[in-house]
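# A structural walkthrough
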Amino acid sequence: MTELDRLTTLFDALGADADARDWAESEVEEGLPQLARYRLLRTVWQDVDAWSTAAPRWVDAYRADGAAAGAVDRALAAGLAPDDLGTLAREIARETAFGVLRALADPVDGSLPAEVEARLPGWRLAELDAEGVPTGRHLDALHEDFAELEPKGGAG
């Protein structure tokens, strides 16, 4: 089995479907950590989508014991259904996830004077192999692929 076939199989297992081979080819030909990128972004989208798909559960949980219990009760009393709250929560989660991914790429947000920003540390998200050993490749600009991987249908 070639490296391209191995990667395509892994992308298929993660649900890349029709795009699996394209992602695999990009990793093989360009040396980019596409499998690590796809896996992370897939996980982020699963968390984002859970706000919609699991809305009845989290609405009940928040009503029973949560910092937002009062707000959830008021929203339900105003006629919003748990699914409505789930749609809203998913959108907020999507925006937050995008913001975090963008901050990973560029921590400078203009909220501090340039002379302070210049002295602050940055960060980098690194790929590890299956044994946990750094590969030397970094997951850069994840926000650029975030929208492309939004699940089709269902919650997305």
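Here, the structure is the one placed above.
Okay, so let's go over this structure. (Residues numbered from 1 in each chain as written. Predicted model: local features only at pLDDT ≥ 70, side-chain atom pairs only at ≥ 80, totals over all residues. Heavy atoms only, no water.)

## A look at the overall build of the protein chain
Helix and strand content of the protein chain: eight helices and two strands. The secondary structure elements of the protein chain, listed N-terminal to C-terminal, are α-α-α-α-α-α-α-β-β-α. The dimensions of the protein chain, computed from C-alpha atoms along their principal axes, are 55 × 50 × 25 Å. Each of the 156 residues in the protein chain was classed as buried or not, and the buried ones make up 29%. Restricting to contacts in the protein chain with at least 6 residues of sequence separation, those with at least 24 account for 54%. If you sum the accessible surface of the protein chain, you get close to 9800 Å²; carbon and sulfur atoms cover 55% of it. Distance between charge centroids for the protein chain: 3 Å, based on 15 positive and 31 negative side chains. (Helix = DSSP H or I, 4+ residues; strand = E, 2+ residues; numbered from the N terminus. Buried < 20%, exposed > 50% of the residue type's maximum accessible area, 1.4 Å probe, protein only. Contact = heavy atoms within 4.5 Å. Areas by Shrake-Rupley, 256 points an atom, 1.4 Å probe, with all protein chains shown as cover. Lys, Arg positive; Asp, Glu negative; His and termini not counted. Charge placed at Lys NZ, Arg CZ, Asp CG, Glu CD.)

## Comments concerning unusual backbone geometry
The phi dihedral of Asp17 falls on the positive side, at around 50°, and the residue is not glycine. Looking at the secondary structure, you find Asp17 in the loop between helix H1 (3-13) and helix H2 (20-30). Owing to a relative accessible area of 58%, Asp17 belongs among the exposed residues under this scheme. Although it is not a glycine, Ala141 adopts a positive phi angle of roughly 50°. Along the chain, Ala141 turns up in the loop between strand S2 (134-138) and helix H8 (143-146).

## Observations regarding the packing of aromatic side chains
Counting across every chain of the model gives eight aromatic pairs. Ring geometry for Trp23 and Tyr38: centres 5.2 Å apart, planes at 75°, overall edge-to-face. Of the two residues, Trp23 is situated in helix H2 and Tyr38 in helix H3 (residues 34-53); the sequence distance between them amounts to 15 residues. Chaining the aromatic ring pairs together yields one cluster made of Phe11, Trp23 and Tyr38. (Phe/Tyr/Trp six-rings, centres within 6.5 Å; stacked < 30°, edge-to-face > 60°.)

## Some remarks on H3
Helix length check: H3 (20 residues) gives 27 Å between terminal C-alpha atoms against 28 Å at 1.5 Å per residue, within 8%. Those residues of H3 not exposed but buried are Gln34, Leu35, Arg37, Tyr38, Leu41, Val44, Trp45, Val48, Asp49 and Ser52. Buried residues belonging to H3 abut H1, H2, helix H4 (55-64), helix H6 (82-105) and H8. (Expected span 1.5 Å × (residues − 1).)

## Some remarks on the pattern of salt bridges
Using the criterion set out here, one finds 12 salt bridges in the structure. Salt bridges sharing partners connect three or more residues here, namely Asp5, Arg21 and Glu25. (Salt bridge = Lys/Arg side-chain N within 4 Å of Asp/Glu carboxyl O.)

## Some details on a negative patch on the surface
Taken together, the side chains of Asp12, Asp17, Asp19, Asp22 and Glu148 make up a negatively charged region of the molecular surface. Counting through the fold element by element, Asp12 comes out in helix H1. Residue Asp12 is classed as partly exposed on the basis of its relative accessible area, which comes to 42%. (Patch = residues over 30% accessible without salt bridge, like charges linked within 9 Å, V, L, I, M, F, W, Y side chains within 5 Å.)

## Focus on the side chain of Arg90
Along the chain, the position of Arg90 falls in helix H6. Of note is the side chain of Arg90, whose polar atom sits 3.1 Å from the side chain of Glu150. (Polar contact = N/O pair within 3.5 Å; in protein donor to acceptor, adjacent residues only side chain to side chain.)

Function cannot be read off these values alone, since they describe shape.
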